[in-house]
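# Chains, contacts and geometry: an overview
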Amino acid sequence: MNHTPQPTTITGTEMAYLHICRRKLWLFHHGIRPENENTAVQIGRHIGESTFKRTHKEIKLGDIGVVDWAELPHGVIHETKKAKCPMQADIAQVRYYLWWMRSHGIGVERAIIHYPKQKRTTEIVWDGTMDEQVEADLTSARNIVAQPAPPEFQPLKWCKRCAYAEFCMA
Ligand code: SF4
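Notes on the structure in this doc start here. Quick caveat, the model's predicted, so the values are computed rather than measured.

Next up on the list: the overall build of the protein chain. Within the protein chain one finds six helices and six strands. Each helix and strand of the protein chain, ordered N terminal to C terminal, gives the series α-α-α-β-β-β-β-α-β-β-α-α. Across the 170 residues in the protein chain, those meeting the buried criterion constitute 42%. For the protein chain, the share of sequence-separated contacts (at least 6 apart) that also reach a separation of at least 24 residues comes to 64%. Total accessible area computed for the protein chain in this model is approximately 10,200 Å², and 53% of it derives from carbon and sulfur atoms.

Time to look at the side chain of D137. Mapped onto the elements of the fold, D137 is located in helix 5 (residues 130-145). With a relative accessible area of 9%, D137 lands in the buried category.

Most of strand 5 (residues 110-115) is tucked away: five of the six residues are buried. Here six bridges tie strand 5 to strand 6 (residues 120-125), and the two strands are oriented antiparallel to one another. Bridging from a neighbouring strand, Y115 pairs with R120 of strand 6. Between strand 5 and strand 6, which follow one another and run antiparallel, lie four residues, and K119 among them has a positive phi close to 55°.

C21, K24, F153, Q154, C159, C162, Y164, A165 and C168 make up every residue found near the ligand. A breakdown of the residues in the shell around the ligand according to their chemical character gives seven nonpolar, one polar and one charged.

Looking now at the pattern of salt bridges. Enumeration according to the criterion identifies four salt bridges in this entry. With its nearest N and O atoms 3.7 Å apart, the salt bridge here joins E79 to K81. Residue E79 shares its accessibility class with K81, and that shared class is buried. E109 is paired through a salt bridge with R102; the nearest N and O atoms lie 3.4 Å apart. For E109, a relative accessible area of 39% gives the class partly exposed. On the accessibility criterion, R102 (32% relative accessible area) is partly exposed.

Here the structure, examined in full by the defined rule, presents two aromatic pairs. Considering the side-chain rings of Y17 and F28, the 5.2 Å spacing of their centres and the 90° angle between planes classify their relative orientation as edge-to-face. With a gap of eleven residues between them, Y17 in helix 1 (residues 12-20) and F28 in helix 2 (residues 22-29) connect regions that are remote in the sequence. By the burial criterion, Y17 is buried, and F28 matches it. Arranged with centres 5.9 Å apart and planes meeting at 25°, the rings of Y96 and W99 form a pair that is stacked. Taken together, the positions of Y96 and W99, both in helix 4 (residues 87-103) and three residues apart, correspond to about one turn of that helix. Across the pair, exposure class does not vary: Y96 and W99 are buried alike. Cation over ring: R33 sits above F28, and NZ or CZ is 3.9 Å from the ring centre. R120 extends its terminal NZ or CZ atom over the ring of Y115, reaching a point 4.2 Å from the ring centre.

Cut-offs used in this document
- Residues numbered from 1 in each chain as written.
- Predicted model: local features only at pLDDT ≥ 70, side-chain atom pairs only at ≥ 80, totals over all residues.
- Heavy atoms only, no water.
- Helix = DSSP H or I, 4+ residues; strand = E, 2+ residues; numbered from the N terminus.
- Buried < 20%, exposed > 50% of the residue type's maximum accessible area, 1.4 Å probe, protein only.
- Contact = heavy atoms within 4.5 Å.
- Areas by Shrake-Rupley, 256 points an atom, 1.4 Å probe, with all protein chains shown as cover.
- Pairing = 2+ DSSP bridges.
- Near = heavy atom within 4 Å.
- Nonpolar A, V, L, I, M, F, W, Y, C, P; charged D, E, K, R; others polar.
- Salt bridge = Lys/Arg side-chain N within 4 Å of Asp/Glu carboxyl O.
- Phe/Tyr/Trp six-rings, centres within 6.5 Å; stacked < 30°, edge-to-face > 60°.
- Lys NZ or Arg CZ within 6 Å of the ring centre and 35° of its normal.

Geometric values such as these leave the question of function open.
Shown next as structure tokens:
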């Protein structure tokens, strides 16, 4: 019998949190949820739910998350975001989705991130460096969530829009 422990699952949302705030990553991973999501979070979800109603077709990626919709014959996945997260976080999340799909034999090459509020899109094209970037992100995220306590609170410029703001600043 093989008792090799499975590596900790890191979701796409957590991958984004790695690039937003390590404390947020730890809190979320350990099931600590703010009692009431703040308005920005609720608005963001509303945009995600309503923008692509007609073409919406989510694709579940195992335990790591859900792609909003995809054009698989063209190797493209789509994500909808409210902006105001660091761009690097959005990129890290879709890069992780591309990596996961490719490693499961799905030949995706590009991700398009939609920012409906700003009426703009960003395109991420898979390249040869991304395997290493995703693996480095996974190592960092797993190291953080393996700690017995969350990283210390350090104010960040997006704290005021964070659902954990009250918790962190109490
Ligand atoms: S309030 Fe600030 S420090 Fe606390 S989890 Fe959110 S972003 Fe991180």
